[in-house]
Amino acid sequence: MSWFPPLDPASWPTTAEAAMAMQDELRPLVSERTPPGAQFRTVAGLDSAYDHTGAVAAAVVVLAAGTLRPVSSAVAHGVAAFPYVPGLLAFREIPATLAALEKLDAAPDLLVCDGQGLAHPRRFGLACHLGLLTGVPTIGVAKTVWGDYVEPGPERGAATDITLDAAVVGRALRTRTGVKPVFVSVGHRIDLDTACAQVLALTPRYRLPETTRHADQLCRAALRTADYSGSTP
């Protein structure tokens, strides 16, 4: 039995217009508050890889927060039914991602997405959508930015706000001295200060969080070795 409500395929949008309408409908449900007493002992990274046919491998890798060592992982294969549309990545990735999460025995304490949360043109990126569907605190950590920001200082830990229409939607966070920042935004059930602190804890050596690095490696390897005949997400 899944630890979150299953996705109803009949309710999933098939057009860009319907997807944007769903984002607008769900956006007010996002919480930017960390649950009282929350402790993030396990942190999961999520990522997906695609080939030219639309075949997808979604991976989740759970790390122990104290050691950053993997404690569990899962992969799901499928074929992306939703086209690639900027700002609508969630509708392409979520079905297989949820299938991978469902294979875990228990919910991680925190999800880290390779994508946007509130730093999104409709303030509802992949991290927001996954957070609402699973109920787990979720962060978006992206390599590129939606919105305006001033370059943070060169030292590790330096950060500046990302704004859209003068509203703060995330932070540009320097995780390695002298290296391009990552772009952190709230997904659901976490505040921005806590999200940035968690990202710094996950980046002791590299620009990207260890969660993202592990999930990226796993989904790419899974895509290379997959047989998609008759596969479903």
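Note that the structure is predicted; figures quoted are calculated from it, not measured.

### Observations regarding the sheet that holds strand β1 (residues 42-50)
Stage number 1. Judged by pairing direction, the sheet is mixed, and its eight strands sit side by side in the order β3-β2-β1-β4-β5-β8-β7-β6 without closing on themselves. In this open sheet, the two strands that pair with only one neighbour each are β3 (70-79) and β6 (159-164). Along the sheet, successive strands turn relative to each other by an average axial angle of 25°, direction set aside.
Stage number 2. Pairing of strand β5 (residues 138-142) with strand β8 (residues 182-188), which is carried by five bridges, proceeds in the antiparallel orientation. Paired with V141 across the strands is V184, a residue of β8.
Stage number 3. Taken strand by strand, helix α4 (residues 192-201) contacts β4 (110-113), β5, β7 (167-173) and β8, and its axis lies near 15° from that of β7.

### A word on the UniProt feature "binding site: Mg(2+)" (unreviewed entry) in the protein
Stage number 1. Cross-referencing UniProt, the feature "binding site: Mg(2+)" (unreviewed entry) maps to D47 and D114 in the present numbering. Sequence-wise these annotated residues cover 68 residues; spatially they are packed, their C-alpha atoms never more than 6.0 Å apart. As for the lining of the largest cavity, the annotated residues named previously contribute D47 and D114.
Stage number 2. With respect to the secondary-structure elements, D47 resides in strand β1.

### Looking at the pattern of salt bridges
Stage number 1. Following the criterion strictly, the structure yields eight salt bridges and no others.
Stage number 2. A salt bridge links D161 to R171; the nearest nitrogen and oxygen atoms lie 3.5 Å apart. Of the two residues, D161 is situated in strand β6 and R171 in strand β7; the sequence distance between them amounts to 10 residues.
Stage number 3. The exposure class of R171 is buried, given its relative accessible area of 19%.
Stage number 4. A salt bridge links E210 to R213, with the nearest nitrogen and oxygen atoms 3.0 Å apart. Taken together, the residues E210 and R213, both in helix α5 (residues 210-225) and three residues apart, mark about one turn of the helix.
Stage number 5. Look at E210 and you get buried, because its relative accessible area is 13%.
Stage number 6. According to the relative accessible area criterion, R213 is partly exposed, its value standing at 25%.
Stage number 7. Through salt bridges with shared partners, one network takes in D161, R171 and D193.

### Here we look at the environment of A166
Stage number 1. Counting through the fold element by element, A166 comes out in the loop between β6 and β7.
Stage number 2. With relative accessibility at 76%, the residue A166 sits in the exposed group.
Stage number 3. It is 40 Å that separates the C-alpha atoms of A166 and H77, two residues lying 89 residues apart in sequence.

### Details of the layout of surface pockets
Stage number 1. Here the largest pocket is characterised by a volume of approximately 530 Å³.
Stage number 2. Considering the residues around the largest pocket, the lining is formed by 26 residues, among which L89, E93, D114, G115 and T144 are closest to the centre.
Stage number 3. For the lining of the largest pocket, the secondary-structure elements that each account for two or more residues are β1, α2 (89-102) and α5.
Stage number 4. Across the lining of the largest pocket, the residue classes break down as 12 nonpolar, eight polar and six charged.

### What about the packing of α2 against helix α3 (residues 126-134)?
Stage number 1. At a minimum axis separation of 10 Å, α2 and α3 run at an interaxial angle of 40°. Viewed along their axes, α2 and α3 adopt a mutual orientation that is oblique. Classified by chirality, the crossing of α3 by α2 is right-handed. Residues L89, A90, F91, E93, I94, T97, L98 and L101 of α2 lie in contact with α3, whose contacting residues are L126, H129, L130, L133 and T134.

### Here's the deal with empty space enclosed by the protein
Stage number 1. Scanning all chains against the criterion turns up one cavity of 30 Å³ or more.
Stage number 2. In this structure, the largest cavity spans a volume of roughly 60 Å³.
Stage number 3. Lining the largest cavity, in full, are L46, D47, S48, A58, A59, E93, T97, C113, D114, L126 and L130.
Stage number 4. Per element, the largest residue contribution to the lining of the largest cavity is three residues, and it comes from β1.

About the thresholds
Residues numbered from 1 in each chain as written. Predicted model: local features only at pLDDT ≥ 70, side-chain atom pairs only at ≥ 80, totals over all residues. Heavy atoms only, no water. Pairing = 2+ DSSP bridges. Helix = DSSP H or I, 4+ residues; strand = E, 2+ residues; numbered from the N terminus. Axes fitted to C-alpha atoms, helices over the stretch in contact; angles between N-to-C directions. Contact = heavy atoms within 4.5 Å. UniProt positions renumbered as here; feature names shortened; annotations may be inferred. 1 Å grid on protein atoms, 1.4 Å probe; cavity = no way out; pocket = protein on both sides within 12 Å on 5 of 7 lines; lining within 4 Å. Salt bridge = Lys/Arg side-chain N within 4 Å of Asp/Glu carboxyl O. Buried < 20%, exposed > 50% of the residue type's maximum accessible area, 1.4 Å probe, protein only. Points joined across faces, edges and corners; volume = space filled by probe spheres on them. Nonpolar A, V, L, I, M, F, W, Y, C, P; charged D, E, K, R; others polar. Parallel < 35°, antiparallel > 145°, perpendicular 65-115°, else oblique. Left-handed = near helix turned anticlockwise from the far one by under 90°.

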